[in-house]
2 protein chains.
Amino acid sequence: MRIAVDAMGGDHSPSEIVAGAVQWVQHHKGSILLVGPIEQLSKELASYDYDQARIELVAASQVIGMEESPAQALRRKKDASIVVATKLVKEGRADAVLSCGSTGAQMASAIFILGRLPGIERPPVVVALPNGKGSRTVLIDAGANVDCRPRQLLHFAILGSLYASSVLNIPNPRVALINNGQEEGKGNQLTLEAYELLKNQSSLNFAGNIEGREILAGEADVVVCDGFVGNIILKTIEGMAMFIAKGVSRELGSVPEFFTQLDYTQYGGAPLLGVDGISIVCHGSSRREAVFNGLQVAADCVDKDIVKLQKESLEV
Amino acid sequence: MRIAVDAMGGDHSPSEIVAGAVQWVQHHKGSILLVGPIEQLSKELASYDYDQARIELVAASQVIGMEESPAQALRRKKDASIVVATKLVKEGRADAVLSCGSTGAQMASAIFILGRLPGIERPPVVVALPNGKGSRTVLIDAGANVDCRPRQLLHFAILGSLYASSVLNIPNPRVALINNGQEEGKGNQLTLEAYELLKNQSSLNFAGNIEGREILAGEADVVVCDGFVGNIILKTIEGMAMFIAKGVSRELGSVPEFFTQLDYTQYGGAPLLGVDGISIVCHGSSRREAVFNGLQVAADCVDKDIVKLQKESLEV
């Protein structure tokens, strides 16, 4: 297995990304194609002791910043690290690509280089959150698509259900729509219409609406929303964890062990689904542990062959 | 001061609502107009020792349920407790109304009976969240309006800023737009357009975009969003508090004191702004402490004369 890593994206690139990649080859039998300026990356690698045959450098001279328009940047920066890394997957030289850089640029690269799967208009990002039942709750779309149509939410639900069953091994996942009330008939224009599609035009195990309060309770296995709402849920959860950790630590003098499972660095990777290749989105603030964990997610997706599974699932 | 209380709304009506009202007259010099079926309310009141001159019963024979369409229910149920209670404010017999029932029905009653303030299309609900700086962050709209236009978000920002300065005593409140990224140019169609209005067409202390992660950090005093997003933020915060409290309590054998400040029962009331009268929305699961605290919020709004302040602020 070979994973292409965009070494130049995110707040702590390339040092923390290189560190995470080294750590991964030390613990996993796969290899890494590290994409970025060769000289800079060579210097970073020089300080580590690892099997040098398992990290190959691939040159890319440009980086797409967080503030750039993804579509424009993609046209102008042909040699951007995320572009080069995604092409490695397209050309069959890598089994997956991972980046901590601009999600928009990563998504645009995936769409234009790898292509969308049949029937998919907008590829969503999926994250697996810890829940109160000790298992995982899949949040989809976790931030890729800010303005969505009802049918796109149906696609997210199908892909999220597939991810829950095939990667997280949850049989017959209960799929719920995130809404501002549990009752049928609650919602904004988007969720009202999406509810109808989920109820009447899918063979999913649809459990109806779910409120923000229940997301982490574990009553549903897959929770569906547009990427604007998904981004805000994810970041509100993150902010709330920091807020409580601070308050509790002031009171007790230390942070309970439980908070480590709320730390996004423990998750690392969020797969971009609905594209013809494996592309793993990492948090912009990722440090080495997050990169390492993201690589584990990538490897898991390669092992499970999630692109093939998605194609089969979408054919039905 | 007299406050009309809808005794019939919410999960624990009327017993917990009656209990909260009794507790309030025992601690506050104001009086209560308790609205609902006289016989049932008399029985509830019989078990308490309080100054009977300070709780007056007002008859209402109907209740609007959570699942009913607010507009239809308002037409059909002329004698609903929320309708009768809101009319008491319109007629000058009460200074404010408080309900734990259907927010939609309360909002429709406020719009049709009290009327909207000049220029306001959609009255928002405002809540004051505790934040990491030990002060409060105003979230507006916290759930009243699910599909909004950009100009409505501008109105929410103006009303939220006024609430922060006049009721919470925060000078020159920093107003931020909740978005899926901090950079200008991030957002969905709604927030992109609202950003322009906030930046160019208001005299607010506009601080730009804020992500979910920063809401509780206290970097902004007022955070603005549509009511769909506001509902989901509020309930996600609630769910996260429960999830962490459970995890930490399993580890430590008890819940740290800090969690009490995250308990919605400690807040109680969320004023509905932009209407010509004071209407306080309480959580449907409110128990006596929440009703008591909601009545304190109502009294505070009466003392500060927030309707007059809003009228002055909207004239400018």
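Definitions and cut-offs
- Residues numbered from 1 in each chain as written.
- Chains lettered and ligands numbered in written order.
- Predicted model: local features only at pLDDT ≥ 70, side-chain atom pairs only at ≥ 80, totals over all residues.
- Heavy atoms only, no water.
- Axes fitted to C-alpha atoms, helices over the stretch in contact; angles between N-to-C directions.
- Helix = DSSP H or I, 4+ residues; strand = E, 2+ residues; numbered from the N terminus.
- Parallel < 35°, antiparallel > 145°, perpendicular 65-115°, else oblique.
- Left-handed = near helix turned anticlockwise from the far one by under 90°.
- Contact = heavy atoms within 4.5 Å.
- Nonpolar A, V, L, I, M, F, W, Y, C, P; charged D, E, K, R; others polar.
- Least-squares fit on C-alpha atoms with pLDDT ≥ 70 in both.
- Phe/Tyr/Trp six-rings, centres within 6.5 Å; stacked < 30°, edge-to-face > 60°.
- Buried < 20%, exposed > 50% of the residue type's maximum accessible area, 1.4 Å probe, protein only.
- Buried area = accessible area lost by both parts, 1.4 Å probe.
- Salt bridge = Lys/Arg side-chain N within 4 Å of Asp/Glu carboxyl O.
- Polar contact = N/O pair within 3.5 Å; in protein donor to acceptor, adjacent residues only side chain to side chain.
- Expected span 1.5 Å × (residues − 1).
- Core = buried A, V, L, I, M, F, W, Y, C linked by side-chain atoms within 4.5 Å.
- Domains from an automatic or database assignment.
- Pairing = 2+ DSSP bridges.

Describe the packing of helix α8 (residues 227-252) of chain A against helix α8 (residues 227-252) of chain B, naming the residues involved and giving the relevant values.
A pair of packed helices is characterised by two quantities: the angle between their axes and the separation of those axes. The geometry of α8 of chain A relative to α8 of chain B is characterised by a closest axis approach of 9 Å and an angle of 40° between their N-to-C directions. With respect to α8 of chain B, the element α8 of chain A is oriented oblique. Classified by chirality, the crossing of α8 of chain B by α8 of chain A is right-handed. Two secondary-structure elements touch here, α8 of chain A through Phe228, Val229, Ile232, Ile233, Thr236, Ile237, Met240, Ala241, Ile244 and Leu252 of chain A and α8 of chain B through Phe228, Val229, Ile232, Ile233, Thr236, Ile237, Met240, Ala241, Ile244 and Leu252 of chain B. Per-class residue counts for the contact of α8 of chain A with α8 of chain B are 18 nonpolar, two polar and no charged.

Can you break down the relation of the copies chain A and chain B residue by residue, with the values?
Screw-axis analysis of chain A against chain B gives a translation of 0.0 Å along the axis, an RMSD of 0.0 Å, and a rotation angle of 180°. In short, the pair behaves as if placed about a two-fold rotation axis. Same-surface contact between copies: 94% of interface residues of chain A are shared with the interface of chain B.

How would you sum up the packing of aromatic side chains? Please name residues and give values.
In this structure the tally under the stated criterion is six aromatic pairs over all chains. Aromatic pair Tyr195 of chain A and Phe206 of chain A: ring centres 5.2 Å apart, planes at 75°, arrangement edge-to-face. Taken together, the positions of Tyr195 of chain A in helix α7 (residues 189-200) and Phe206 of chain A in strand β8 (residues 205-210) put the pair eleven residues apart, joining distant regions of the chain. According to the relative accessible area criterion, Tyr195 of chain A is buried, its value standing at 11%. For Phe206 of chain A, a relative accessible area of 18% corresponds to the buried category. A connected cluster of aromatic rings, assembled from ring pairs, spans Phe243 of chain A together with Phe258 and Phe259 of chain B.

Tell me about the interface of chain A and chain B, residues and numbers included.
Across the contact, 48 residues belong to chain A and 45 residues belong to chain B. Carbon and sulfur atoms supply 70% of the area that chain A and chain B bury against each other, a total of about 4100 Å² over both sides. Summed over the shared surface of chain A and chain B, the number is four salt bridges. A salt bridge links Glu211 of chain B to Lys235 of chain A; its shortest N-O distance comes to 2.2 Å. Scanning the region where chain A abuts chain B turns up 16 residue pairs in polar contact (both at pLDDT 80 or more).

Quick rundown of helix α9 (residues 288-304) of chain A? Include the residues and the values.
Residues and elements named next belong to chain A. Its 17 residues place the ends of α9 24 Å apart at the C-alpha level, agreeing with the 24 Å of an ideal helix rising 1.5 Å per residue. For α9, every residue scored as buried is listed here: Ala290, Val291, Phe292, Asn293, Gly294, Leu295, Val297, Ala298, Ala299, Cys301 and Val302. Of the residues flanking the end of α9, it is Asp305, one or two places downstream, whose phi is positive at about 50°.

Let's hear about the nonpolar core: which residues, and what values?
Formed by 112 residues in total, the largest nonpolar core has its most connected members in Ile244 of chain A together with Ile244 of chain B. The residues touching Ile244 of chain A, leaving out its near neighbours within four places in the chain, are Phe259 of chain A together with Ala241, Ile244, Phe258, Phe259 and Leu262 of chain B.

Report on the pattern of salt bridges, specifying residues and quantitative values.
It is possible for side chains of opposite charge to pair when their charged atoms get near one another. For the structure on display, the rule yields 32 salt bridges over all chains. The partner of Lys199 of chain B in a salt bridge is Glu184 of chain B, and the shortest N-O contact between them spans 3.1 Å. Within this pair, whereas Lys199 of chain B is found in helix α7 (residues 189-200), its partner Glu184 of chain B is found in the loop between β7 (174-178) and α7, the two being separated by 15 residues in sequence. Residue classification places Lys199 of chain B among the partly exposed residues on the basis of a relative accessible area of 43%. Between Asp300 of chain B and Lys304 of chain B there is a salt bridge, with the nearest N and O atoms lying 3.7 Å from each other. In this pair, Asp300 of chain B and Lys304 of chain B are both assigned in helix α9 (residues 288-304), four residues apart and thus about one turn of the helix distant. Given the relative accessible area of 28%, Lys304 of chain B is considered partly exposed. Each member of the salt-bridge network shares a partner with another, and the members are Glu211, Arg213 and Glu214 of chain A together with Lys235 and Glu238 of chain B.

Lay out the domain arrangement of chain A with the relevant residues and their values.
All names here are of chain A. Taken domain by domain, chain A holds domain 1 (1-119 + 274-306 + 312-316) and domain 2 (121-264). Taken together, the contacts link 17 residues of domain 1 with 15 residues of domain 2. Of all residues in domain 1, Met107, His283 and Lys304 bury the most surface against domain 2, accounting for 32% of the area lost on that side. Inspection of the domain 1/domain 2 interface yields zero salt bridges. Inspection of the domain 1/domain 2 interface yields four residue pairs in polar contact (both at pLDDT 80 or more). Per-element accounting of the side of domain 1 that touches domain 2 gives the leading share, four residues, to α9. Per-class residue counts for the side of domain 1 that touches domain 2 are eight nonpolar, six polar and three charged.

Please give an account of the pairing of strand β6 (residues 136-140) of chain A that cites residues and values.
All names here are of chain A. Most of β6 sits inside the fold, with four of its five residues counted as buried. The pairing of strand β5 (residues 126-130) with β6 spans five bridges and is classified as antiparallel. Paired with Ala128 across the strands is Val138, a residue of β6. From the end of β5 to the start of β6, which pair antiparallel, there are five residues, and Gly134 there has a positive phi angle of about 80°. In the sheet, β6 pairs with strand β9 (residues 222-224) via three bridges, with the strands oriented parallel. By the bridge assignment, Leu139 is partnered in β9 with Val223.

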